[in-house]
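Overview (structure and organization)
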Amino acid sequence: MRRTDKDLLVTGLKKLAITVVLMFTAPIVLYQAFKNQENFLFWPVCIVGIILAFFAVRTGFKGIMTIMDSMFGKKPKSS
C-alpha cells in the first residue's frame, strides 16, 4: 500500500488556497470593470479580470492533480 507524500500534499493544498483567493478576486475585478464601462480603463481591467479567472481555473486543476499525485502516485507515461 502506497503512503501519501505529505510534502506534495501540502503543495497541492497551497495551490488550492491560491485558487480560493483567485476565485474571489477575479469576479470582483470583472464586476468593477463592467460597472465602469464608460471609463477609459475598462478594457485593461476587463482583461486583467479574465486572466485572473483563467488562472483560478488552471491553478485549481493543478492543485487537484497535485493532491491526487500525492495520494495515488504519478501515472506512468504510456508511449
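Residues numbered from 1 in each chain as written. Predicted model: local features only at pLDDT ≥ 70, side-chain atom pairs only at ≥ 80, totals over all residues. Heavy atoms only, no water.

1. Remarks on helix H2 (residues 42-72)
Over its 31 residues, H2 extends 45 Å from the first C-alpha to the last, a length consistent with the 45 Å expected when each residue adds 1.5 Å. Those residues of H2 not exposed but buried are Phe42, Cys46, Gly49, Leu52, Ala56, Thr59, Gly60, Gly63, Thr66, Ile67, Asp69 and Ser70. Those residues of H2 that are buried are in contact with helix H1 (6-35). (Helix = DSSP H or I, 4+ residues; strand = E, 2+ residues; numbered from the N terminus. Expected span 1.5 Å × (residues − 1). Buried < 20%, exposed > 50% of the residue type's maximum accessible area, 1.4 Å probe, protein only. Contact = heavy atoms within 4.5 Å.)

2. Comments concerning the UniProt feature "transmembrane region" (unreviewed entry) in the protein
With numbering matched to this structure, UniProt assigns "transmembrane region" (unreviewed entry) to residues 12-34 and 40-61. Measuring from the first to the last C-alpha atom of residues 12-34 gives 33 Å, for a span that is 100% helix and 0% strand. Between the end C-alpha atoms of residues 40-61 there is a gap of 34 Å, over a span that is 91% helix and 0% strand. (UniProt positions renumbered as here; feature names shortened; annotations may be inferred.)

3. Some thoughts on the environment of Thr4
Of note, Thr4 is situated in the segment before H1. On the accessibility criterion, Thr4 (37% relative accessible area) is partly exposed. When the C-alpha atoms of Thr4 and Met71 are compared, they prove to be 4.7 Å apart, with 67 residues separating the residues in sequence. Those residues in contact with Thr4 that lie beyond four places of it in its chain are Leu9, Ser70 and Met71.

4. Section: the nonpolar core
If you look at the biggest cluster of nonpolar residues, it comprises 5 residues: Leu22, Ala26, Val29, Leu52 and Ala56. When contributions to this core are tallied by element, the ones reaching two or more residues are H1 and H2. Looking at which element gives the most residues to this core, the answer is H1, with 3 residues. Sequence-distant contacts of Leu22, defined by excluding residues within four places in its chain, comprise Pro27, Leu52, Phe55, Ala56 and Thr59. (Core = buried A, V, L, I, M, F, W, Y, C linked by side-chain atoms within 4.5 Å.)

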